[in-house]
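Descriptive structure summary
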Amino acid sequence: MNASLPQWRLDTLGVDDHVHLNNAGASLMPACVLRAITDHVELESRVGGYEAAAIREPSISEAYGAVATLLNAKPRNIAFTQSATTAYAQALSAIPFDRGDTLLTTRHDYVSNQLQFLSLRRRFGIELIRAPDSRAGGVDVDVLAQLIHRHRPKLVSVTHVPTNSGLVQDVAAIGAACREARALYLVDCSQSAGQIPLDVSLIGCDFLAVTFRKFMRGPRGVGCLFVSDSALERGLAPLFIDIRGAEWLDADSYRPAETAIRFETFESSPALVQGAGAAARYALQVGLPVISARVLALATRLRAALANLPGNRSLDHGSHLSGIVSLAFHGVDHRAVVERMRQRGIAVGVQLRRVAVIDYDGKGVTSSIRISPHYYNSEDEIDLAAQVLGGLVSEARI
Ligand SMILES: Cc1ncc(COP(=O)(O)O)c(C=O)c1O
């Protein structure tokens, strides 16, 4: 047990009510995050939304600083968005795709990103290529590098940690291949931010998207997009830019903002931005190396405890695994099991084929149970979840 565990749990209201092992869905906010949000909403109710934002300007700018520190970036490279998906859409809309241009991705990129790629293909006639996996699981980085050289993609997109399995993709190695070929590189770190240390200079990306409600332990309804200096200098800007992102100069011209702010939209929630900032500061205070080591240790303990359950098929393939534990049982209704775990006070997730058609069709499953511990979970909670799940699965078979 980590000596700081009691403090982490004291900071987390929800641990008294239930066992929360759905951090890949939405985690429990620490009290400081909750306070940052409610203080601001309360101020808005007293002085008005625009006035509250002006009063809290220093704390809003601190949020940019905290998120930048978390990613080893500068505040000017951070744009707050409503979600990771809107961050992705903003970034994709900035890529000057022409008919026949290639977008290279993997079999594991997030469902909504895949839908956006398909939509781009449908409307603009781009080529969509998905690099194959290696034997160990996860994209084969050597083959992906060869595909970059052969097809000269305008964009390479990779989800660092997929939603539907415990895989961790080697985003730094892929970044090196992109840089060599001068391909633009967009990375989805929605499931890795807050559980794995991230450094945009090591990843070498032009864009990186994050959502805050998952391992970041922030609120729902806020995400961010990192935009590199080189992407800003190239003049990349979202297609549907607004008054926050650009200045209307005269009837027929506008100038995009100098910084990543050009990817933001005017209407956003200062309360949620400050909540995101508080979450980033809290994660930095706990320490990303401490968090990642503990998440992996808890996930490994869980995988070991579940390994011997009859009919368990682990869906986590890859040489590096994350804190997302995904498994399927033949002949068991995963949705019903997850609901029964909820009734017993244990929150875990269910994933249906529609979130991972390529991966799940390849693995021959139509749904899975997803258990995602975080550093504030205790070893006892992991053992209890494994025991209860084992019991429910054997009952479900009778
Ligand atoms: C890997 C990954 N990327 C992106 C998203 C989308 O995040 P949001 O719902 O904030 O757009 C998710 C959400 O589950 C995710 O797991």
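It should be emphasised that the depicted structure is a prediction, and the values quoted were computed from it without experimental measurement. (Residues numbered from 1 in each chain as written. Predicted model: local features only at pLDDT ≥ 70, side-chain atom pairs only at ≥ 80, totals over all residues. Heavy atoms only, no water.)

Here we look at the overall build of the protein
To be explicit about the condition: A run of H or I in DSSP becomes a helix once it reaches four residues, and a run of E becomes a strand once it reaches two; helices and strands are each numbered from the N terminus. Two things to know: the radius of gyration comes from C-alpha atoms, and the globule rule equals 2.2 Å times the number of residues to the power 0.38. A simple rule labels every residue: compare its accessible area, found with a 1.4 Å probe on the protein chains alone, to the largest value its type can have, and call it buried under 20%, exposed over 50%, or partly exposed in between. We call two residues in contact when some of their heavy atoms are within 4.5 Å. Computed by Shrake-Rupley with a 1.4 Å probe, the accessible areas treat only the displayed protein chains as cover when residues are assessed. The sign given to each residue is positive for Lys and Arg and negative for Asp and Glu; His and the chain ends receive no count. A charged residue contributes its charge at one atom only: NZ of Lys, CZ of Arg, CG of Asp or CD of Glu.
When helices and strands are counted, the protein shows 15 helices and 15 strands. Whereas a compact globule of 398 residues would reach a radius of gyration of roughly 21 Å, the protein reaches 21 Å, a difference of no more than 12%. Buried residues in the protein amount to 55% of all 398 residues. Considering only residue pairs separated by 6 or more positions, the protein has 70% of its internal contacts joining residues 24 or more positions apart. For the protein, the exposed area adds up to about 17,400 Å²; of that, 53% sits on carbon and sulfur atoms. When the 40 positive and 40 negative side-chain charges of the protein are each reduced to one mean point, those points stand 6 Å apart.

As for the sheet that holds strand β15 (residues 367-371)
What counts is decided by this rule: At least two DSSP bridges between two strands are required for those strands to pair. Axes here mean lines fitted to C-alpha atoms, for a helix over just the part in contact, with angles spanning 0 to 180 degrees between N-to-C directions.
What the 4 strands build is an open sheet, ordered β11-β12-β15-β14; its pairing is antiparallel. Both edges of this open sheet fall to β11 (312-314) and β14 (349-352), since each of them pairs with a single strand only. Going across the sheet, the axis of each strand differs from the next one's by a mean of 35°, ignoring polarity. Two strands pair when backbone bridges link them, and strand β12 (residues 325-329) and β15 are joined in this way by 3 bridges, in the antiparallel orientation. Looking across to β15, one finds that Val325 is bridged to Ile371. Contacts from helix α12 (residues 288-307) reach β11, β12 and β15, with the element oriented near 15° to β12. Of the strands in this sheet, β12 and β15 are in contact with helix α15 (residues 379-397), which crosses β12 at around 20°.

Points about the sheet that holds strand β3 (residues 102-106)
One open sheet holds the 7 strands; their spatial order is β2-β8-β7-β6-β5-β3-β4, and the pairing between them is mixed. Strands at the two margins of the open sheet, each flanked by one partner only, are β2 (78-81) and β4 (127-131). Direction aside, neighbouring strands of the sheet carry axes that sit 20° apart on average. As judged from the 2 bridges shared by β3 and strand β5 (residues 155-159), these two strands associate in the parallel manner. Opposite Leu103, over in β5, you have Leu155 as the bridge partner. Here helix α8 (residues 171-181) sits on the sheet in contact with β5 and β6 (184-188), set at roughly 165° to β6.

Some words on the pairing of β2
Burial along β2 is two-sided: the face carrying Ile78 and Phe80 and the face carrying Ala79 and Thr81 are both buried. Taken together, the 4 bridges between β2 and strand β8 (residues 223-227) define a ladder with antiparallel strand orientation. Across the sheet, residue Thr81 finds its bridge partner in β8, namely Gly223.

Things to note about the environment of Asp380
Here Asp380 is to be found in helix α15. Judged by its relative accessible area of 60%, Asp380 falls in the exposed class.

Some words on the pattern of salt bridges
For clarity, the cut-off: Salt bridge, as applied in this entry: a Lys or Arg side-chain nitrogen positioned within 4 Å of an Asp or Glu carboxyl oxygen.
For the structure on display, the rule yields 17 salt bridges. Between Asp133 and Arg107 there is a salt bridge whose closest N-O contact spans 2.8 Å. You can see Asp133 sitting in the loop between β4 and α7 (141-151) and its partner Arg107 sitting in the loop between β3 and α6 (111-124), a full 26 residues away along the chain. The closest approach of N and O atoms between Arg244 and Glu264, which form a salt bridge, is 2.8 Å. Linking Arg244 in the loop between α10 (229-233) and β9 (246-250) with Glu264 in the loop between β10 (253-256) and α11 (270-286), this pair joins segments that are 20 residues apart in sequence. On the basis of relative accessible area, Glu264 is assigned to the buried category, the value being 4%. The structure contains a network of salt bridges with shared partners spanning Lys74, Arg76 and Asp229.

Regarding the nonpolar core
Using the following cut-off: Buried Ala, Val, Leu, Ile, Met, Phe, Trp, Tyr and Cys residues form a nonpolar core when they are joined through side-chain atoms within 4.5 Å.
Counting residues in hydrophobic clusters, the biggest one holds 65 residues, and the most contacted among them are Leu71, Ile78, Phe80, Val156, Tyr185, Leu208 and Phe212. Of all the elements, α11 adds the most residues to this core, at 10 residues. Among residues more than four places away in sequence, those in contact with Val156 are Leu104, Ile148, Ile174, Cys178, Ala183, Leu184, Tyr185 and Leu186.

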